[in-house]
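Coordinate analysis (summary)
One-letter residues, chain by chain:
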Amino acid sequence: MSGTPTLSVHGLHVSVDGKEILKGVDLEVPQGEVHALMGPNGSGKSTLAYALMGHPKYQVTAGAASFDGADLIALPADARAKLGLFLCFQYPTAIPGVTTVNFIRAALRAQGKEVPAREFLNRLAAEMALLKIDESFRQRYINDGFSGGEKKRSEILQLAMLRPRLAILDETDSGLDVDALRTVAEGVMQLAGPDMGVLVITHYPRILQYLRPDRVHVLHAGRVITSGGAELAQRIERGGYEPILGAVAAAPVA
Ligand SMILES: Nc1ncnc2c1ncn2[C@@H]1O[C@H](COP(=O)(O)OP(=O)(O)OP(=O)(O)O)[C@@H](O)[C@H]1O
Ligand SMILES: [Mg+2]
């Protein structure tokens, strides 16, 4: 049974540099559920993630998005993070000069979740061990010189430390080897539950075999064109998007 929506998006239109990318997205993620967002390259998945996080480049021109009843669009990015929204970036950026340990500490402080240094370091060590991240990464500048897979693990480490209410994972599974995928997926699974919902943006059903989504949505040309259960991801894996696009186009308009 679906509960109250944590994330509620209605008729969202978003433009980037004057070009409309999202053309009326409707999406609801109830509290504590795992949803997957799939769709062809360029359909607008990352654009939706950035727009929800409040990236200034992404202009909302129409529609609404709320989180726990709060109007997201009216809030700056830091306030959205404080509400409990977190994005694991598709392409995490390096911040030379800022160590992983200091970055995570600052993020916790900014969200009013600061804990005493010893407790923080103990938690960090425990989460790094679970994610099989070597201790040396603590003092390395965040994402600087990290391999693709190491960047993705580093994003999940931040997620584990920040414990948001809703985590958006933008292709966190891309570029991970089979063992790393399992480690990362198990890490997310341990966090997902009544207190943390997940919106997984992915091209591959493999991560969904671990995360078992309650719903799968398909974004195409800036709109969610269909939604279904976990079997929808398998259908996409087997037959691609063409049959789904065809079926939606042929369906009578309600
Ligand atoms: N600054 C920009 N100017 C023009 N078009 C842009 C700009 N930024 C993004 N786009 C376009 O917006 C569309 C959606 O991009 P987006 O990154 O959201 O796709 P995506 O669904 O995440 O794709 P992928 O699966 O490849 O990650 C693409 O066609 C992209 O070229
Ligand atoms: Mg993308």
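Here's a quick rundown of the structure. Predicted model, so just to flag it, every value in this text is computed and none were measured. (Residues numbered from 1 in each chain as written. Chains lettered and ligands numbered in written order. Predicted model: local features only at pLDDT ≥ 70, side-chain atom pairs only at ≥ 80, totals over all residues. Heavy atoms only, no water.)

Here's the deal with the site of ligand 1
In the vicinity of ligand 1, 15 residues are found, and the nearest of them are Asp17, Gly42, Lys45, Thr47 and His203. At a separation of 2.9 Å, an oxygen atom of ligand 1 approaches a polar side-chain atom of Asn41. Gln90 places a side-chain nitrogen or oxygen 3.1 Å from an oxygen atom of ligand 1. In the complex, 67% of the free accessible area of ligand 1, which totals 650 Å², lies under the protein chains. Sorting the residues of the shell around ligand 1 by element identifies β2 (19-30) and α1 (45-53) as the ones contributing at least two each. Residues belonging to the shell around ligand 1 are distributed by class as follows: 3 nonpolar, 8 polar and 4 charged. (Near = heavy atom within 4 Å. Polar contact = N/O pair within 3.5 Å; in protein donor to acceptor, adjacent residues only side chain to side chain. Areas by Shrake-Rupley, 256 points an atom, 1.4 Å probe, with all protein chains shown as cover. Helix = DSSP H or I, 4+ residues; strand = E, 2+ residues; numbered from the N terminus. Nonpolar A, V, L, I, M, F, W, Y, C, P; charged D, E, K, R; others polar.)

A few points about the coordination of the magnesium ion (ligand 2)
At this site the magnesium ion (ligand 2) is bound by Ser46 (OG) and Gln90 (OE1), with donor distances of 2.1 to 2.2 Å. With Ser46 in helix α1 and Gln90 in the loop between β6 (85-88) and α3 (100-110), the pair connects residues that are 44 residues apart, well separated along the chain. Classification of Ser46 as buried rests on a relative accessible area of 19%. Assessed through its relative accessible area of 15%, Gln90 is described here as buried. (Donors = N, O, S within 2.8 Å, 3.2 Å for Na, K, Ca; no water. Buried < 20%, exposed > 50% of the residue type's maximum accessible area, 1.4 Å probe, protein only.)

Focus on the environment of Gly145
Residue position: Gly145 is located in the loop between α4 (117-130) and α5 (148-162). Overall, the relative accessible area of 64% leaves Gly145 in the exposed class. Once the C-alpha coordinates of Gly145 and Ser174 are considered, the two residues, 29 residues apart in sequence, prove to be 18 Å apart. Those residues in contact with Gly145 that lie beyond four places of it in its chain are Arg140 and Glu150. (Contact = heavy atoms within 4.5 Å.)

So, the packing of aromatic side chains
By the definition in use, this model includes 3 aromatic pairs. For the pair Tyr50 and Phe89, a centre-to-centre distance of 5.9 Å together with 35 degrees between the ring planes defines the contact as tilted. Placement of Tyr50 in helix α1 and of Phe89 in the loop between β6 and α3 is noted, with a sequence separation of 39 residues between them. Residue class for Phe89 comes out partly exposed when judged on its relative accessible area of 32%. Aromatic pair Phe137 and Phe146: ring centres 4.9 Å apart, planes at 75 degrees, arrangement edge-to-face. (Phe/Tyr/Trp six-rings, centres within 6.5 Å; stacked < 30°, edge-to-face > 60°.)

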